[in-house]
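# Report on the structure
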Amino acid sequence: MFSKQEAQQLKKEFWTAFGKSFPRKWILYDTKVKDLSFKFNADNKKVEVSLDIEMKDEIFRNAYYEKIWSLEDILKDFIGDFHKEEHFTLENGKVISRIWIEKHGVSVFNKNTWQDIFEFFVEKMDGFERFYYEYEDFIKDV
């Protein structure tokens, strides 16, 4: 096991290595829709690429979720099979809507899996972004 400080340092090295290996400006929070963002997540068991819909107003959150969900088959063409949860509870108790794809058997703490993670991140986030750019006007029209 790693100490908290060692784990923090390894995570920092991981994200730095990812940025250097694949220097690119991702959409992430720049969707032009408040509280709609793309995220990379990595821990000791799996990694995820997600689209998080975090509006506090449940009506708006559900409207965006339903818009994106109406494009389910198209999204699948861009990123492959994915998970979805209209009422996803974060560790802090906040309820959001999330659409995500994950890869198991990799770890931010195992440098031998970093290349697999980086390639997964690039492939899946690129798919999410291409999907978003293609259907952005439809998605934003809530």
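Residues numbered from 1 in each chain as written. Predicted model: local features only at pLDDT ≥ 70, side-chain atom pairs only at ≥ 80, totals over all residues. Heavy atoms only, no water.

An unreviewed UniProt entry lists the chain under the name DUF4268 domain-containing protein, with Chryseobacterium soli given as the organism.

### With respect to the packing of aromatic side chains
Using the following cut-off: Between the rings of Phe, Tyr and Trp (Trp by its six-membered ring), a pair exists once the centres lie within 6.5 Å; its type follows the angle of the planes, with under 30 degrees stacked, over 60 edge-to-face, and the other angles tilted. Here a helix means four or more residues in a row that DSSP labels H or I, a strand means two or more in a row labelled E, and each is numbered from the N terminus. We call a residue buried when its accessible area falls under 20% of the maximum for its residue type, exposed when it is over 50%, and partly exposed in between, using a 1.4 Å probe and counting protein chains only. Lysine and arginine charges are scored as sitting over a ring when NZ or CZ, respectively, is within 6 Å of the ring centre and within 35 degrees of the ring normal.
According to the stated counting rule, one finds 23 aromatic pairs in the structure shown. Ring geometry for F14 versus F118: centroids 5.3 Å apart, planes at 45°, classification tilted. Taken as a pair, F14 in helix 1 (residues 4-21) and F118 in helix 4 (residues 114-140) lie far apart in primary sequence, 104 residues in all. You'll find F14 and F118 in the same group, each marked buried. With a centroid separation of 6.5 Å and an interplanar angle of 10°, the aromatic rings of F18 and W26 are classed as stacked. In this pair, the class of F18 matches that of W26, namely buried. An aromatic cluster is present here, built from F14, W15, F18, F22, W26, F40, W114, F118, F120 and F121 joined pairwise through their rings. One Lys or Arg, K84, reaches over the ring of W69 and ends 4.3 Å from the middle of that ring.

### What about the nonpolar core?
Where we set the bar: We call a set of buried residues a nonpolar core when its members are Ala, Val, Leu, Ile, Met, Phe, Trp, Tyr or Cys and they connect through side-chain atoms within 4.5 Å of each other.
Counting 36 residues, the largest nonpolar core has L36, V49, I68, F121 and F128 as the members making the most contacts within it. Those elements giving two or more residues to this core turn out to be helix 1, strand 1 (36-42), strand 2 (46-53), helix 2 (58-69), helix 3 (72-79), strand 4 (95-104) and helix 4. No other element matches the ten residues that helix 4 contributes to this core.

### Notes on the side chain of E54
What counts is decided by this rule: Any pair of nitrogen or oxygen atoms within 3.5 Å is treated as a polar contact; in protein, a donor-acceptor pairing is required on top of that, and neighbouring residues in sequence qualify only through side-chain atoms on both sides. Whether two residues touch is decided by their heavy atoms; if any such pair falls within 4.5 Å, the residues are in contact.
By the secondary structure assignment, E54 is in the loop between strand 2 and helix 2. A distance of 3.5 Å separates a polar atom in the side chain of E54 from a polar atom in the side chain of K94. Discounting residues that sit within four places of it in the chain, E54 has contacts with D35, S37, K39, L90, K94 and I96.

### Digging into the layout of surface pockets
Note the cut-off: The method works on a 1 Å grid over the protein atoms by themselves. A cavity is a set of points holding a 1.4 Å probe that cannot get out, a pocket is an open set with protein on both sides within 12 Å along at least five of seven lines, and residues with an atom within 4 Å of a point line them. Grid points are joined across faces, edges and corners, and a volume is the space filled by probe spheres set on the points. Each residue receives one of three labels: charged for Asp, Glu, Lys and Arg, nonpolar for Ala, Val, Leu, Ile, Met, Phe, Trp, Tyr, Cys and Pro, and polar for the others, Gly being one of them.
Of the pockets and cavities examined, the largest pocket occupies roughly 240 Å³. Looking at the largest pocket, the residues that line it are K39, N41, A42, D43, K46, V47, E48, F88, T89, L90, E91 and R98. When residues of the lining of the largest pocket are traced back to their parent elements, those giving at least two are strand 1, strand 2 and strand 3 (83-89). Of the residues contributing to the lining of the largest pocket, the split by class is four nonpolar, two polar and six charged.

### Some words on the sheet that holds strand 4
The cut-off we apply is this: Pairing between two strands is assigned when DSSP locates at least 2 bridges connecting them. All axes are obtained by fitting lines to C-alpha atoms, using only the stretch in contact for helices, and the reported angles, taken between N-to-C directions, cover 0 to 180 degrees.
Taking strand neighbours across the sheet as the criterion, the four strands line up as 1-2-4-3 in an open arrangement whose pairing is antiparallel. Sheet topology places strand 1 and strand 3 at the edges, where each strand pairs with a single neighbour. Between one strand axis and the next, the sheet turns through 30° on average, direction left out of account. Where strand 2 and strand 4 come together, eight bridges link them in antiparallel fashion. For V47, the partnering residue across the bridge sits in strand 4 and is K103. Against the sheet, helix 2 contacts strand 1, strand 2, strand 3 and strand 4, and its axis sits at roughly 175° relative to strand 3.

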